[in-house]
Amino acid sequence: MKAPLLLLALLLVASSATAQRSDTLRTETTTEDARISAAEVKRFIRYITRADMEERTLFKVGIWPTTDRGQGTFEYRRFRVSFLGEMSVEKKLSPSVSFVIGGEANSTYIKYKGMGVLSGYGLDKQPIYLQQVSSTEFLWKAGFRYYYAKAKDIKHGRSANNFSGNYIALKYLQPFHRIASTKVLDLNTNKPSPRQSDRRIGNLLGSPSPRLMLAYGIQRRLGKFAYFDIDAGPHVQFGNGSGTTFSFQLNAFLGFGW
């Protein structure tokens, strides 16, 4: 009688130990799979941003929807779309410092719904006009970038000497040409208004207004032939007939880089 009971007890102990080992093995396997998955993601990000590839010259052509950038704001604005484009060259002077030179084009299209014209007896609400304004401004730009963590990353093997990194930039922008077009429609007839016909202007619409900007930015290479670059900071515009103006600008580009 004692022998069967002893055998049953031994079987229960063995079954419990086997279950515990099975749970331990499952836990270890799960942890190992998660660790490998995280490492694979990290290697993929380094590959996409070309973190281990050395680059000392970068040619860039990009475009991005942009902020207002000094265009007028009116009460009856109905629709607005704007794009900022760039063509530039960035050249490394050292692992941490680069020089950028190139050009930008800021293109904007806006629709305004205006009330009627003022008369001698008040506001004549007929006719109501829709004004369409499109403009493109071209600027030269030059500046320096300081990739403040690049030297340390190179020293510790986290990066090669390239253009993927965070930076502090100082840049100068000089407008040199502007094209503007204005069209006014009579909303009663949906035809061009006799008050004002289409017009095109091929100059700066006033004296040139150079700009200076101090910015914090993030740039990443995206594979062999692309890049992403975004910066933001205080922006100073000189002259332009109304004195010096200050603003906060956000600029972003996504495009080809090689």
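Structure shown above.
Residues numbered from 1 in each chain as written. Predicted model: local features only at pLDDT ≥ 70, side-chain atom pairs only at ≥ 80, totals over all residues. Heavy atoms only, no water.

A. Highlighting the packing of aromatic side chains. In the structure shown here, the tally under the stated rule is 7 aromatic pairs. Between tryptophan 64 and phenylalanine 228, the ring centres sit 5.8 Å apart and the planes meet at 70°, which makes this aromatic pair edge-to-face. Separated by 164 residues along the polypeptide, tryptophan 64 in strand S1 (residues 57–65) and phenylalanine 228 in strand S11 (residues 227–237) bring together distant segments of the chain. Tryptophan 64 gets classed as partly exposed once you look at its relative accessible area, which sits at 30%. With a relative accessible area of 24%, phenylalanine 228 lands in the partly exposed category. Among the aromatic residues, those joined into a ring-pair cluster are Phe138, Trp140 and Phe176. (Phe/Tyr/Trp six-rings, centres within 6.5 Å; stacked < 30°, edge-to-face > 60°. Helix = DSSP H or I, 4+ residues; strand = E, 2+ residues; numbered from the N terminus. Buried < 20%, exposed > 50% of the residue type's maximum accessible area, 1.4 Å probe, protein only.)

B. Seen up close, the nonpolar core. Counting 5 residues, the largest nonpolar core is built from Leu58, Tyr147, Phe163, Tyr167 and Ala169. When near neighbours in sequence (up to four residues on either side) are disregarded, tyrosine 167 contacts Arg145, Tyr146, Tyr147, Tyr148, Ala215, Tyr216, Gly217, Ile218, Gln219, Asp229, Ile230 and Asp231. (Core = buried A, V, L, I, M, F, W, Y, C linked by side-chain atoms within 4.5 Å. Contact = heavy atoms within 4.5 Å.)

C. Representation of the environment of alanine 252 within the structure. Among the structural elements, alanine 252 can be located in strand S12 (residues 245–257). Judged by relative accessible area, alanine 252 falls into the buried class, the value being 7%. The sequence separation of alanine 252 and leucine 84 amounts to 168 residues, and the corresponding C-alpha distance is 8.1 Å. Excluding anything up to four places from it in sequence, alanine 252 contacts Trp64, Asp229 and Ile230.

D. Main features of the pattern of salt bridges. Tallying each qualifying case throughout the model produces 11 salt bridges. The residue glutamate 104 makes a salt bridge to lysine 141 at a minimum N-O spacing of 3.2 Å. Within this pair, whereas glutamate 104 is found in strand S3 (residues 97–114), its partner lysine 141 is found in strand S6 (residues 129–146), the two being separated by 37 residues in sequence. Like lysine 141, glutamate 104 is buried. Among the salt bridges present, the one from aspartate 153 reaches arginine 158, with a minimum N-O distance of 3.1 Å. According to the relative accessible area criterion, aspartate 153 is partly exposed, its value standing at 21%. Residues participating in the shared-partner salt-bridge network are Lys60, Glu90, Arg145 and Asp229. (Salt bridge = Lys/Arg side-chain N within 4 Å of Asp/Glu carboxyl O.)

E. The arrangement of the pairing of strand S10 (residues 211–221) in detail. Residues Arg211, Met213, Ala215, Gly217, Gln219 and Arg221 of S10 are buried on one face, while the alternating residues Leu212, Leu214, Tyr216, Ile218 and Arg220, pointing to the opposite face, are not. Relative to S11, S10 runs antiparallel, the two being bridged by 9 bridges. By the bridge assignment for S11, glutamine 219 is matched with aspartate 229. (Pairing = 2+ DSSP bridges.)

F. Up close: the environment of phenylalanine 256. On the secondary structure map, phenylalanine 256 appears in strand S12. By relative accessible area, phenylalanine 256 is classed as exposed at 57%. Measuring from C-alpha to C-alpha, the distance between phenylalanine 256 and alanine 226 comes to 4.2 Å, with 30 residues separating the pair along the chain. Beyond its immediate chain neighbours, meaning those up to four positions away, phenylalanine 256 contacts Phe59, Lys60, Val61, Phe225, Ala226 and Tyr227.

Any link to function would need more than the numbers given here.
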